2 protein chains.
Amino acid sequence: MSILIKNSTILTQDDSRKKIHGDLYIDDHVVVECSEKPLSLEAEFKIDGTNRLVLPGLINTHTHIPMTLFRGYGDDMLLQDWLAQRIWPVEAKLDKKTIEIGTQLGLLEMISSGTTSYLDMYFFEETIAKVTEKTGMRGFLGFALIDFDTPEFESKELISQADQFIRRWRNNPLISPLIAPHSTYSCKPETLQNALDIATKHHVPLHIHCSETRDEVYDVEKKYGVRPVGLLKKYGLLKNETILAHCGWITKNEILDMKNVGVSVAHCPVSNMKIATGGFAPVPELLDARVPVGLGTDGAASNNTLDMFETMKFCALVHKNHRWDPTILPAQTVVDLATRGGATTLGVQHSLGSLEGGKTADLIMIDLKKPHLTPLHDPVSHLVYAVRGTDVCTTIVNGAPLMLEKEFLTIDVEKTLEQSQKIALELTS
Amino acid sequence: MSILIKNSTILTQDDSRKKIHGDLYIDDHVVVECSEKPLSLEAEFKIDGTNRLVLPGLINTHTHIPMTLFRGYGDDMLLQDWLAQRIWPVEAKLDKKTIEIGTQLGLLEMISSGTTSYLDMYFFEETIAKVTEKTGMRGFLGFALIDFDTPEFESKELISQADQFIRRWRNNPLISPLIAPHSTYSCKPETLQNALDIATKHHVPLHIHCSETRDEVYDVEKKYGVRPVGLLKKYGLLKNETILAHCGWITKNEILDMKNVGVSVAHCPVSNMKIATGGFAPVPELLDARVPVGLGTDGAASNNTLDMFETMKFCALVHKNHRWDPTILPAQTVVDLATRGGATTLGVQHSLGSLEGGKTADLIMIDLKKPHLTPLHDPVSHLVYAVRGTDVCTTIVNGAPLMLEKEFLTIDVEKTLEQSQKIALELTS
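Note that the coordinates shown come from a computational prediction; the quantities given were computed from them, not determined experimentally.

Quick look at the relation of the copies chain B and chain A
For the pair chain B and chain A, the relating rotation is 180 degrees, the translation along its axis is 0.0 Å, and the fit reaches an RMSD of 0.0 Å. Classification of the inter-copy transformation places it as that of a two-fold axis. A share of 100% of the interface residues of chain B reappears at the interface of chain A, consistent with the copies meeting face to face through the same patch.

Right, here's the structure in full:
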């Protein structure tokens, strides 16, 4: 498939952060050229880029996509109450059908708000993979391991099921399977080791929640004599291709342990602030230590959206506020986190995160002709401080348009919204 | 003019926070009835409310509307650098024409994102008033006093000009003039006293920046021996119908001074976090002391939007994060701040802030049929945690539609966006 975008402003997000005004040509899943000279080429899709900003698609490095069904079902509650009274009871009712619909809804929201890759961790990941592939979205899908029976499998089956899941999906152009032991407080050391074995055997990344709350750090230290990062280090999980979600309560010494080993962090400021864990990843220090950092929304149940633009603004502002320093995490750095940083976090910086000849064509277009985006002094500023996910008009993944000028090409919107509402009410009634 | 909204979900925001599904009828600027039974009435405008949420229009209690032209012109800078290098030089170039266009742009953004009343403080307030009235928006417009010449008047003229401004506008149905001494660090005590005299003489509110930054508190205390709240108390300004913007650095003792005297607070979390003043109003303590609190965006130059929905989410989350307590400022409380709280802050709770028979018809409608607003478990949760300003489809002020299903009835959008872009680039070049 070929696509020609004409007459647009293009944020390449390449090494020099070049902005150009011109044309962009995509063929066979790949960005062929970003050109300041008009390109006269035939293409299956010709897109008028006037008043549009083109940039690499955003990469959401931590979510639980079916939980989109639980958006707004339980806010303003203490974490344990929320889990015990709201989330766990409805999760127990999940099955393939509900997961399918929740995934479809999450994909619809992500496509509509400019996300082109997402890192997931949940039950029923096989079902999630099928829906994601069918929709044309790029998914890095973590098969969750945990020391109790899930709504899908008995606990003892999980390792072999994970192994099969990874075998089935490992050569898919859109789906990258990975292994996702839930956390150091919900997985015993043996489970962590099994997860590591699978990751090593298949050369796939490993994704795990780490030091999200004070309670977790306290409990793990009490049980094992080391904090979560230390425990991961002890069992060899603190390594290249491990992605730690949250890291809200890590120390400077732990950052030294994370330095130079290739481990990366998914920073989820909105969810952290809403659940009020009191901590969020020390991004400036992580970047100083050259630890790759990406941004994540976490599940819509604790956010309550999957809007990466909102996450960018919260990221920029929560750190400025915390340090009493407006120069911390300037707009360009935050756009980097959501694009290049996400790609590096997932280990796919060779193919994603910037728009350059030869890179995979995952990109989005923003409609700039809006009251809240006028005037335009600096598009990078707007991306962090003024654009909302709803300003995205076109989303292209792997060279294929999934949303074109607000029209969805691979999802039946009416049906998805209707089914989601119905299923969500059934689950929570 | 009469308007009939049919078959909608209505958040009345009345004393019992009643939600009803039904019809709403407006006649002659006033809400006549919210009814669960279908109303069969003739009306000039009939609006289908299916899949729509109706609520009182949001009240922005602190902004500087023409600064919308400076959106994104200088981010991530230290406050003094930003003011000295970016803001003051462009403000010096402002004139009636540029103010007119900046105001028009700000109004367009506010109408499009669900604000129906705004409290302003700036130069050229006469021009702002004319544009606001013409557009049909409700403005509480503060004539700024400051101890130096403004781009409009010499300093010595300001008091008499303010007096005339208030006389001209005091009986307007849309415009409520007020007096706005800039702050205790930029106005000498004589100016504060003059402001108080005018407020008293005309029975109009007084609006002032107060304790926004640590520097300000330090400087005022060093100069006068008391902190800003103390200085306002000393000169009699801490009283009913005084609205303090920010209050980011106030003490528990100062809250005691503010208790029971009728003074109110405009809380601006996004601007505070972006400028990184390190402080933001202690809203839970203010509410405990029954000090009225409203929400404000501040100017778009330091936000960078006028989106009150975003401000609601930041408000809820920054306090939860700060206190390590997710139960602080639950969604209903935050919706109250943006509606009823704003009305009480401005002293107009008898006419605005809720939808009840006899109240003034300032209201908005949200299009709920969106991926990021599905499923709908609780509309109040959505308003704070999931709705963006861009989801507002209809805005009605004083019984007149200003935006109807995304179509603007009183502003030429194309022209406003084009002129704003042109003027903004001229000002900053």
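What to know about the packing of helix α11 (residues 308–323) of chain A against helix α11 (residues 308–323) of chain B
Geometrically, a packed helix pair is captured by the angle between its two axes and the distance between the axes. Taken N-terminus to C-terminus, the directions of α11(A) and α11(B) make an angle of 45 degrees; their axes are 12 Å apart at the nearest point. Judged by the angle between their axes, α11(A) and α11(B) are oblique. Here α11(A) runs over α11(B); the crossing is right-handed. Within the contact between the two elements, α11(A) uses E310(A), K313(A), F314(A), L317(A), V318(A) and N321(A) and α11(B) uses E310(B), K313(B), F314(B), L317(B), V318(B) and N321(B).

A few points about helix α3 (residues 125–135) of chain A
All names here are of chain A. The element α3 is extensively covered by neighbouring structure, given that eight of its 11 residues are classed as buried. Those residues of α3 lying buried are E125, E126, T127, I128, A129, V131, T132 and T135. Residues of α3 that are buried sit in contact with α2 (96–112), β7 (115–122), β8 (138–145), α4 (158–169), β9 (175–181) and β16 (400–404).

Points about the pattern of salt bridges
Side-chain pairs of opposite charge can arise whenever the charged atoms involved come near each other. All names here are of chain A. As enumerated under the stated definition, the model contains 50 salt bridges over all chains in all. The partner of D15 in a salt bridge is R340, with the nearest N and O atoms 2.9 Å apart. Separated by 325 residues along the polypeptide, D15 in the loop between β1 (2–11) and β2 (19–27) and R340 in helix α12 (residues 331–345) bring together distant segments of the chain. Residue classification places D15 among the exposed residues on the basis of a relative accessible area of 65%. Among the residues examined, R340 registers a relative accessible area of 21% and is labelled partly exposed.

With respect to the domain arrangement of chain A
All names here are of chain A. In terms of domains, chain A is made up of domain 1 (2–56 + 364–408) and domain 2 (58–345). If you average the C-alpha positions of domain 1 and of domain 2, the two centres end up 28 Å apart. Across the boundary between the two partners, domain 1 contributes 24 residues, which contact 29 residues of domain 2. Three residues, Q13, V384 and Y385, lead the burial of domain 1 against domain 2; their summed loss comes to 27% of the area buried on that side. Of all elements in the fold, only β5 (52–56), β14 (363–367), α13 (379–385), β15 (392–397) and β16 reach the threshold of two or more residues within the side of domain 1 that touches domain 2. Of the residues forming the side of domain 1 that touches domain 2, the biggest block, five residues, is contributed by α13.

Rules behind the numbers
- Residues numbered from 1 in each chain as written.
- Chains lettered and ligands numbered in written order.
- Predicted model: local features only at pLDDT ≥ 70, side-chain atom pairs only at ≥ 80, totals over all residues.
- Heavy atoms only, no water.
- Least-squares fit on C-alpha atoms with pLDDT ≥ 70 in both.
- Contact = heavy atoms within 4.5 Å.
- Axes fitted to C-alpha atoms, helices over the stretch in contact; angles between N-to-C directions.
- Helix = DSSP H or I, 4+ residues; strand = E, 2+ residues; numbered from the N terminus.
- Parallel < 35°, antiparallel > 145°, perpendicular 65-115°, else oblique.
- Left-handed = near helix turned anticlockwise from the far one by under 90°.
- Buried < 20%, exposed > 50% of the residue type's maximum accessible area, 1.4 Å probe, protein only.
- Salt bridge = Lys/Arg side-chain N within 4 Å of Asp/Glu carboxyl O.
- Domains from an automatic or database assignment.
- Buried area = accessible area lost by both parts, 1.4 Å probe.

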